[in-house]
Amino acid sequence: MKEQDFSHGLYPGSFDPITCGHIDMVNRLSRMFKRITVLVASSIHKEYWFSLKEREDMAKRALKHLSNVTVDKYEGLTTDYLKKNKIFAVLRGIRSVTDFPYERDLAVNNKKIFPEMETLFLFSGMGTEMVSSKWIKEIAFHKGDLKDLVPDFVEKKIKERMAKGG
């Protein structure tokens, strides 16, 4: 079996929108891997506030300070993206114990499709463990304060969206 290069990691997600929790995770991962690709993905099981292109643009802007991080977008199976780009490490964040069963099942099923890959889990940073895109949307819907939950430019985009009728 050919040796896989695990210096390049893929951090996939919907990032609808990107949060300070996501940014913290990528900051930390960027110190552990030579290269990180943040993959803005779509799922048939989700409805999005922002288009794939908008989500990609927000992620690029939020992560532009990291020289070893690139942002890409993809519609399809993450395993297909991994194979196509010869990436073998999938990086996933765990906010709490409730995330683990879903993440474990996803990792097991991805491994069945692409046996050469490995999934690595990293716990959320202190203070970001309860930040989620779903929670951001709930706060925004009720006109709550998004300070320290999303970057300022993301908060502005959310407010613009809400002004158009949510």
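One can find the structure itself at the top, above this paragraph.
Here goes a summary of the coordinates provided. Everything quoted here is computed from the prediction, not taken from an experiment.

When helices and strands are counted, the chain shows six helices and five strands. Its helices and strands taken in sequence order, the chain reads β-α-β-α-β-α-β-α-β-α-α from the N to the C terminus. Relative to its length of 166 residues, the chain is compact, with a C-alpha radius of gyration of 16 Å against a globular reference of 15 Å. In the chain, buried positions account for 50% of the 166 residues. With the model as given, the accessible surface of the chain reaches about 9,900 Å², and the carbon-plus-sulfur share is 55%. Within the chain, one finds 29 positive and 23 negative side-chain charges whose respective centroids are separated by 3 Å.

On to the pairing of strand E4 (residues 89–94), then. Looking along a regular strand, one sees side chains alternate from face to face of the sheet. Counting buried positions along E4 gives six out of six residues, so the element sits mostly inside the fold. Where burial is concerned, the two faces of E4 agree: the one with Ala89, Leu91 and Gly93 and the one with Val90, Arg92 and Ile94 are both buried. Examined bridge by bridge, strand E1 (residues 8–13) and E4 share two bridges and lie parallel to one another. Bridge pairing in E4 links leucine 10 to valine 90. For the segment spanning E4, helix H4 (residues 100–113) and strand E5 (residues 118–123), crossover handedness is right-handed.

Thresholds, definitions, all that
- Residues numbered from 1 in each chain as written.
- Predicted model: local features only at pLDDT ≥ 70, side-chain atom pairs only at ≥ 80, totals over all residues.
- Heavy atoms only, no water.
- Helix = DSSP H or I, 4+ residues; strand = E, 2+ residues; numbered from the N terminus.
- Rg over C-alpha atoms; globule rule 2.2 N^0.38 Å.
- Buried < 20%, exposed > 50% of the residue type's maximum accessible area, 1.4 Å probe, protein only.
- Areas by Shrake-Rupley, 256 points an atom, 1.4 Å probe, with all protein chains shown as cover.
- Lys, Arg positive; Asp, Glu negative; His and termini not counted.
- Charge placed at Lys NZ, Arg CZ, Asp CG, Glu CD.
- Pairing = 2+ DSSP bridges.
- Right-handed = clockwise from strand over helix to strand, strands pointing away.

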